[in-house]
Amino acid sequence: MQRLRSVLRRRAAALTAAFAAVLVAGALAGTSVSQAATSQPCDLYAAGGTPCVAAHSTTRALYGTYSGALYQVRRASDNATRDIGVIGAGGYANAATQDSFCAGTSCVITVIYDQTGRNNRLTQAPPGGFNGPAAGGYDKLANAAMAPVTLNGNRAYGVFVSPGTGYRNNATNGIATGDQPEGMYALFDGTHYNEGCCFDYGNAETNSRDNGNGTMETIYFGNSRGWGSGAGNGPWVMADLENGLFSGVNSGYNANDPTVNHRFLTAIVKGEPNHWAIRAGNAQSGGLSTYYNGARPNAAGYNPMKKEGAIILGIGGDNSNSSAGTFYEGVMTSGYPTDATENAVQANIVAAGYAQGSGGGAALNTGSTISLRATTACCTTNYLSHSGTGVATAPVDSASSATVKANASWIVRPGLANTACRSFESKNTPGSYLRHQNFQLYLHPNDGSVLFAEDATFCSQAGVNGQGNSLISYNFADRYIRHYANTGYVASNGGSNTFDATALWPDDVSWAVAAPWTP
Ligand code: AHR
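Residues numbered from 1 in each chain as written. Predicted model: local features only at pLDDT ≥ 70, side-chain atom pairs only at ≥ 80, totals over all residues. Heavy atoms only, no water.

**Student:** Is there a simple way to explain unusual backbone geometry in this structure?
**Tutor:** Glycine aside, the phi torsion of most residues is negative, and most peptide linkages are trans. Between Gly 234 and Pro 235 the backbone carries a cis peptide bond, its omega angle lying at 10°. If you trace the backbone, Pro 235 turns up in the loop between strand 12 (217–222) and strand 13 (236–240). In this model, Asn 303 is joined to Pro 304 through a cis peptide bond whose omega is 0°. Checked against the element boundaries, Pro 304 lands in the loop between strand 17 (288–294) and strand 18 (310–313). (Helix = DSSP H or I, 4+ residues; strand = E, 2+ residues; numbered from the N terminus.)

Here's what the structure looks like:
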């Protein structure tokens, strides 16, 4: 007992010292620095006696001494890959490497490396109970440019999961199995979610199949009501324990699990024999709140747990892949972390200074009216236009009729599905928006549905060919607004449709943002 007390005292002292280092780093934060805090999340978990056994981030090192690769990207132009590392040990991602490697083409994130040294890396999720939409039933890989952020002024990119996207590792090392204790946190975009199953990060089945209640333990984020829910309309942080998203001890509704949608959201789930908890907080300020802390759910099959130890990101345990969300960093631990350890990790996350980034290109100010001119050599006097419900590129000049000019003029609106992106309302057909349907562009009246909002939301970045802007579909993030044979599509850079052709893709998806033909 004496020895146990002394071990606990030593751990508490180490944690206090680590926590103090975090506070100092936090106080120094605020200017653009390449070097982050010396005590990073996994140092804090280690000091608390619950070391990381998986550590994933595309934005920064999660150990003060980590100087390896964070993730790998693959570009479409020649299928070459490039590791993206950190700017100095313990530092932020070297986003400039990605920017130059991916210039003039598109890139996907192929690997999210494990910083623990256990090689628990995440790669393209294979088919399981459900197939993904990519070749061989695999899930899609995330568009590497879709989630720009800054950390204390340093550019970085997150992992943007649109439906069909998923990462997994079914052969891990050191991840909890059975009823062993574990903890995990993840940093998400609290404004990017849907009700599909299941935007998860954490412990899942090693065969990508539903192996029964208690065979998973992950953080879930979204507004699914298919199993559990909390207060308000969601989104909620819940635990996916297989065949159930749990917001507390009850299957279904638990009033203490609030709707949380901080732009940057720290989400925590941890579990040990007949005990688990949900915690969360604003990753930009303040501390964590505990939404549940108690016994395993009062439903059969979750006590004891039967965890299998695979790791998933952006999908359900059986490779359900209709969910959406954005991931920046997360870890899994061996052992059940204390609240004090997690509070220190939250302070470290706040000190990292996450903020919304920019994809570059012209600012698309909401409320302004613009015209979008093609930049492909064939067609530089053509503008993205509608004619009735059809959308095409059409020639417009000062002699064009008032109707032709207005057909080529778009009012920039906050994205109907996410205000960080944009929607485009017709200048001469109020209430009607540019949207895709079966990957073709149309002008349709807003019917108020979630599907319409997502189909009509496009995220802007610098034009792929270096001119103007490119506009990426919010719910099919591998697809960009493109003209092909003068018709409007959302097209991927290579794919099964003729309009996905790689030839001229960088030019066809790059639009000069011009003064509106009809102001
Ligand atoms: O528990 C919810 C989901 O149910 C799991 O993620 C999936 O494996 C199953 O369909």
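Continuing now.
**Student:** What should I look at first to understand the site of the ligand in this one?
**Tutor:** Inspection of the region around the ligand gives 13 residues, with Asp 240, Glu 242, Asn 243, Gly 244 and Asp 318 positioned closest. The separation between an oxygen atom of the ligand and a polar side-chain atom of Glu 242 is 2.8 Å. Protein chains shield 95% of the accessible area of the ligand, which is 280 Å² for the free molecule. When grouped by side-chain class, the residues that make up the shell around the ligand number four nonpolar, five polar and four charged. (Near = heavy atom within 4 Å. Polar contact = N/O pair within 3.5 Å; in protein donor to acceptor, adjacent residues only side chain to side chain. Areas by Shrake-Rupley, 256 points an atom, 1.4 Å probe, with all protein chains shown as cover. Nonpolar A, V, L, I, M, F, W, Y, C, P; charged D, E, K, R; others polar.)

**Student:** How do you make sense of the packing of aromatic side chains when you look at a structure like this?
**Tutor:** The relative placement of two aromatic rings is captured by the distance of their centres and the angle of their planes. All chains considered together, the criterion is met by 18 aromatic pairs. Summarising the aromatic geometry, the rings of Phe 246 and Tyr 302 are spaced 4.8 Å apart at their centres and angled 70° between planes, so their arrangement reads as edge-to-face. Linking Phe 246 in strand 14 (residues 245–246) with Tyr 302 in the loop between strand 17 and strand 18, this pair joins segments that are 56 residues apart in sequence. The buried category is assigned to Phe 246, whose relative accessible area is 4%. With 5.5 Å between their ring centres and 40° between their planes, Phe 264 and Tyr 354 make a pair best called tilted. Taken together, the residues span a long stretch of sequence, with Phe 264 in strand 15 (residues 264–272) and Tyr 354 in strand 20 (residues 354–356) at a distance of 90 residues. Through a chain of ring-to-ring contacts, the aromatic side chains of Phe 188, Tyr 193, Phe 199, Tyr 201, Phe 221 and Phe 327 assemble into a single cluster. Directly above the aromatic system of Phe 264 lies the positively charged group of Arg 263, at a separation of 4.2 Å from the ring centroid. (Phe/Tyr/Trp six-rings, centres within 6.5 Å; stacked < 30°, edge-to-face > 60°. Buried < 20%, exposed > 50% of the residue type's maximum accessible area, 1.4 Å probe, protein only. Lys NZ or Arg CZ within 6 Å of the ring centre and 35° of its normal.)

**Student:** For this particular structure, what's the right way to read helix 4 (residues 339–351)?
**Tutor:** Because each turn of an α-helix spans 3.6 residues, side chains separated by three or four positions in sequence point in the same direction. Taking 1.5 Å as the rise per residue, helix 4 with 13 residues should run 18 Å; its terminal C-alpha atoms sit 18 Å apart, in good agreement. Residues of helix 4 that are buried: Thr 341, Glu 342, Ala 344, Val 345, Gln 346, Asn 348, Ile 349 and Ala 351. Downstream of helix 4 by one or two residues, Gly 353 has phi in the positive range, about 65°. (Expected span 1.5 Å × (residues − 1).)

**Student:** Looking at this model, I keep getting lost on empty space enclosed by the protein. Mind explaining?
**Tutor:** If you roll a probe as big as a water molecule over the atoms, it shows you where there is empty space left. A complete count under the given rule lists one cavity of 30 Å³ or more for this structure. As a volume, the largest cavity reaches approximately 40 Å³. For the largest cavity, the full set of lining residues is Lys 140, Leu 141, Ala 142, Asn 143, Phe 160, Ser 162, Thr 165, Ala 477 and Asp 478. Here the residues of the lining of the largest cavity sort into four nonpolar, three polar and two charged. (1 Å grid on protein atoms, 1.4 Å probe; cavity = no way out; pocket = protein on both sides within 12 Å on 5 of 7 lines; lining within 4 Å. Points joined across faces, edges and corners; volume = space filled by probe spheres on them.)

**Student:** When you look at the side chain of Thr 215 in this model, what are you seeing that I'm missing?
**Tutor:** Structurally, Thr 215 can be placed in the loop between strand 11 (200–204) and strand 12. The exposure class of Thr 215 is buried, given its relative accessible area of 3%. One polar contact links Thr 215 to Glu 205, side chain to side chain, over a distance of 3.1 Å. Apart from the residues within four sequence positions on either side, Thr 215 is in contact with Ala 204, Glu 205, Leu 241, Glu 242, Lys 306, Lys 307 and Glu 308. (Contact = heavy atoms within 4.5 Å.)

**Student:** Can you help me understand the pattern of salt bridges in this one?
**Tutor:** Between side chains of opposite charge, a pair can form when the charged atoms approach closely. In the structure shown here, the tally under the stated rule is 16 salt bridges. With a shortest N-O distance of 2.6 Å, Glu 217 and Lys 307 are connected by a salt bridge. In this pair, Glu 217 is assigned in strand 12 and Lys 307 in the loop between strand 17 and strand 18, connecting sequence segments 90 residues apart. Pair check on accessibility: Glu 217 and Lys 307 agree, each one buried. Of the charged contacts in the structure, one is a salt bridge between Asp 500 and Arg 479, with a shortest N-O distance of 3.0 Å. Here Asp 500 is found in the loop between strand 31 (487–491) and helix 7 (505–508), whereas its partner Arg 479 is found in the loop between strand 29 (469–473) and strand 30 (480–484), with 21 residues between them in sequence. Each member of the pair Asp 500 and Arg 479 is classed as buried. Here the salt bridges do not stand alone but share partners, grouping Glu 182, Glu 217, Arg 296 and Lys 307 into one network. (Salt bridge = Lys/Arg side-chain N within 4 Å of Asp/Glu carboxyl O.)

**Student:** I'm lost on the side chain of Arg 422 in this one. Help?
**Tutor:** Examined against the element boundaries, Arg 422 turns out to sit in strand 25 (residues 422–426). With no salt bridge to any partner, buried Arg 422 finds its closest opposite charge in Asp 189, at an N-O distance of 12 Å. When residues no more than four places from it in sequence are discounted, the contact partners of Arg 422 are Leu 364, Thr 366, Val 412, Arg 413, Pro 414, Gly 415, Ala 456, Thr 457 and Phe 458. (Lys, Arg positive; Asp, Glu negative; His and termini not counted.)

**Student:** I would appreciate a short explanation of the nonpolar core in the present structure.
**Tutor:** Grouped burial of nonpolar side chains is what soluble globular proteins tend to show. One finds Val 73, Val 159, Tyr 167, Phe 188, Tyr 201, Ile 219 and Val 237 to be the most contacted residues of the largest nonpolar core, which totals 75 residues. When near neighbours in sequence (up to four residues on either side) are disregarded, Phe 188 contacts Phe 199, Tyr 201, Ile 219, Phe 221, Arg 263, Phe 264, Leu 265, Ala 267, Thr 326, Phe 327 and Tyr 328. (Core = buried A, V, L, I, M, F, W, Y, C linked by side-chain atoms within 4.5 Å.)

**Student:** So what exactly am I meant to see when it comes to the state of the cysteines here?
**Tutor:** A covalent bond bridging the sulfur atoms of two cysteines is what the word disulfide describes. Going through the model one piece at a time under the given rule, you end up with five disulfides. Here Cys 42 engages in a disulfide with Cys 52; their sulfurs sit 2.2 Å apart. Taking the sign of the torsion about the S-S bond as the criterion, the disulfide between Cys 42 and Cys 52, at about -100°, is left-handed. One end of the pair, Cys 42, is in helix 2 (residues 41–47); the other, Cys 52, is in strand 1 (residues 52–57), and ten residues separate them in sequence. (Disulfide = S-S within 2.5 Å.)

**Student:** Explain the layout of surface pockets here, please?
**Tutor:** As a volume, the largest pocket reaches approximately 710 Å³. Around the largest pocket, the lining comprises 30 residues; the ones closest to its centre are Val 108, Lys 140, Asp 478, Ser 492 and Gly 494. Of the residues assigned to the lining of the largest pocket, the class counts are 13 nonpolar, ten polar and seven charged. Taken as a whole, the second largest pocket encloses approximately 460 Å³ of empty space. Gln 356, Gly 357, Ala 420, Cys 421 and Ser 460 are the residues nearest the centre of the second largest pocket, which is lined by 29 residues in total. Ranked by residues supplied to the lining of the second largest pocket, first place goes to strand 28 (residues 458–462) with three residues. For the lining of the second largest pocket, the residue count by class is 14 nonpolar, twelve polar and three charged.

**Student:** What is the right way to read the sheet that holds strand 7 (residues 154–157) from this model?
**Tutor:** Sheet strands pair via backbone hydrogen bonds, and the direction of the pair is either parallel or antiparallel. Across the sheet, three strands lie side by side as 7-6-20; this open sheet has antiparallel pairing. Each edge of the open sheet is held by one strand with a lone partner, namely strand 7 and strand 20. Pairs of neighbouring strands in the sheet enclose a mean axial angle of 40°, with direction left out of account. Looking at chain direction, strand 6 (residues 148–151) and strand 7 are connected through four bridges and run antiparallel. Paired with Thr 150 across the strands is Arg 155, a residue of strand 7. (Pairing = 2+ DSSP bridges. Axes fitted to C-alpha atoms, helices over the stretch in contact; angles between N-to-C directions.)

Purely geometric numbers; function is a separate question.
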